[in-house]
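# Structural features, examined
Okay, here's what each chain looks like letter by letter:
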Amino acid sequence: MFVVFSDVHANREALSAVLEAATKLGPEKLICLGDIVGYGPDPEWCIDAVQGACQVVLCGNHDFAVLYGSNEFTEAADAAVRYHRGLLMPRLSSPQTTPEQQRRWDFLKGLAHRHVEDDMLFVHGSPRNPMTEYIREMDVKLGMKKKLAENFQQVRWLAFVGHTHRPGVLTESLQFLKLQPESEFYRAEAGEKAIINVGSVGQPRDGDPRACFATVDGREVRLHRVAYDVEATTRKIERSGVIPPEFADRLRTGT
């Protein structure tokens with residue numbers, strides 16, 4: 001059994017709760033699909049925790065934006081990115097740059113965009129565009145057959161994604177399954193392709209503010225939700241004076 005999670009977004013309290021819950025399940029390994037940073041108040045702690053706990057860590061679009069910038073973000077999202085870059089980026093001419101700061105920066109720069117293991121693909125965004133493309137339930141409702149077919153062409157059996165912050169299972173027959181946490185599971189049969197969104201640890205957007213992660217045990221995929229101290233995180237966002245307060249509001253509602 002292994003654990004897959006994504007979209008931590010610098011939320012220390014949520015990540016701490018997920019790592020504690022996941023560890024109790026006794027997984028063989030932990031895989032992070034990226035976006036360790038962005039939006040939240042604790043990028044440094046979250047980078048250290050993910051680096052220490054996970055055997056596989058991928059690069060998300062917010063991780064990439066902290067390193068190299070992005071023209072695709074809203075002004076609010078970009079404000080958080082700029083704040084995180086200021087905390088994380090080493091300055092060669094500054095005596096204040098620490099070895100820990102350099103290590104975190106090098107860690108982000110070294111993150112891969114995709115990981116393949118047996119017949120399973122792990123990316124942040126989508127199989128055909130690992131960094132930035134969204135795979136949404138709405139794609140099914142709108143009949144985006146070409147987009148979805150091209151993505152499934154990149155999948156041997158299972159693909160695990162994040163990015164949308166909305167968990168669920170997209171089957172090759174174009175059904176989007178919303179699993180009830182813990183009580184329901186998706187059984188991945190041989191020869192039946194699926195793209196599994198593991199939701200978000202640090203900023204859920206499916207109406208449930210609890211942190212989300214997935215477990216894979218043989219062919220059974222389950223979603224898990226974990227409550228955490230949301231108000232502790234929102235207070236830090238509000239006290240930062242830099243991170244837009246709307247990101248605190250999103251954590252309270254899970255939207």
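Residues numbered from 1 in each chain as written. Predicted model: local features only at pLDDT ≥ 70, side-chain atom pairs only at ≥ 80, totals over all residues. Heavy atoms only, no water.

### What to know about the packing of aromatic side chains
Scanning the model with the defined rule gives 5 aromatic pairs in all. Each ring, one from F2 and one from F160, has its centre 6.4 Å from the other, and the planes form 70°; the classification is edge-to-face. On the criterion of sequence distance, the pair formed by F2 in strand β1 (residues 2–5) and F160 in strand β6 (residues 158–161) is long-range, its members being 158 residues apart. For F160, a relative accessible area of 0% corresponds to the buried category. Judged by centre distance (5.1 Å) and plane angle (10°), the ring pair of F122 and F160 falls under stacked. Here F160 lies in strand β6 and F122 lies in strand β5 (residues 120–123), a separation of 38 residues in the sequence. One aromatic cluster in this structure is built from F2, F122 and F160. Residue placement shows K29 over the ring face of F2; its charged tip is 5.5 Å from the ring centre. Sitting above the plane of the Y134 ring, R136 keeps its charged end 4.3 Å from the centroid. (Phe/Tyr/Trp six-rings, centres within 6.5 Å; stacked < 30°, edge-to-face > 60°. Helix = DSSP H or I, 4+ residues; strand = E, 2+ residues; numbered from the N terminus. Buried < 20%, exposed > 50% of the residue type's maximum accessible area, 1.4 Å probe, protein only. Lys NZ or Arg CZ within 6 Å of the ring centre and 35° of its normal.)

### Concerning the sheet that holds strand β2 (residues 29–32)
With respect to topology, 6 strands assemble into an open sheet ordered β3-β2-β1-β11-β12-β9, the strand pairing being mixed. Two strands lie at the open edges of the sheet, namely β3 (56–57) and β9 (185–187), each paired on one side alone. Across 2 bridges, the pairing between β2 and β3 is parallel. Considered in β3, the bridge of I31 is made with V56. Against the sheet, helix α1 (residues 12–24) contacts β1, β2, β11 (211–217) and β12 (220–226), and its axis sits at roughly 25° relative to β11. (Pairing = 2+ DSSP bridges. Contact = heavy atoms within 4.5 Å. Axes fitted to C-alpha atoms, helices over the stretch in contact; angles between N-to-C directions.)

### Quick notes on the packing of α1 against helix α2 (residues 43–53)
Packing of α1 against α2 brings their axes to within 10 Å, and their N-to-C directions diverge by 20°. In terms of axis orientation, α1 runs roughly parallel to α2. Considering how the two elements wind past one another, α1 and α2 form a crossing that is left-handed. Residues R12, L15, S16 and L19 of α1 touch α2, and the partners they reach there are W45, C46, A49, V50 and A53. Classifying every residue of the contact of α1 with α2 by side-chain character gives 7 nonpolar, 1 polar and 1 charged. (Parallel < 35°, antiparallel > 145°, perpendicular 65-115°, else oblique. Left-handed = near helix turned anticlockwise from the far one by under 90°. Nonpolar A, V, L, I, M, F, W, Y, C, P; charged D, E, K, R; others polar.)

### With respect to helix α9 (residues 246–253)
Taken together, the buried positions of α9 are F247, A248 and L251. The arc that holds every buried residue of α9, seen down its axis, measures 105°, which confines them to one face. Within two residues after α9, G254 carries a phi angle of roughly 70°, on the positive side. (Arc of directions from axis to C-beta.)

### Digging into the packing of helix α8 (residues 230–240) against α9
Angle between the axes and distance between the axes are the two parameters that describe a pair of packed helices. For the pair α8 and α9, the least separation of the axes is 8 Å and the interaxial angle reads 170°. By the angle between their axes, α8 is roughly antiparallel relative to α9. Across the interface between the two elements, V230, E231, T233, T234, I237 and E238 of α8 pack against F247, A248, L251 and R252 of α9. The class makeup of the residues in the contact of α8 with α9 is 5 nonpolar, 2 polar and 3 charged.

### Some remarks on the layout of surface pockets
Roughly 400 Å³ of internal volume is contained in the largest pocket. If you go around the largest pocket, you meet 22 residues; those closest to its centre are E137, R166, P167, F176 and K178. A per-class count over the lining of the largest pocket returns 10 nonpolar, 4 polar and 8 charged. By volume, the second largest pocket amounts to about 260 Å³. (1 Å grid on protein atoms, 1.4 Å probe; cavity = no way out; pocket = protein on both sides within 12 Å on 5 of 7 lines; lining within 4 Å. Points joined across faces, edges and corners; volume = space filled by probe spheres on them.)

### Some words on the pattern of salt bridges
Side chains that carry opposite charge are capable of pairing whenever their charged atoms lie near each other. Using the criterion set out here, one finds 23 salt bridges in the structure. The closest approach of N and O atoms between R210 and D208, which form a salt bridge, is 2.9 Å. On the basis of relative accessibility, which here comes to 16%, the residue D208 falls in the buried class. Between E231 and R252 there is a salt bridge, with the nearest N and O atoms lying 3.1 Å from each other. (Salt bridge = Lys/Arg side-chain N within 4 Å of Asp/Glu carboxyl O.)

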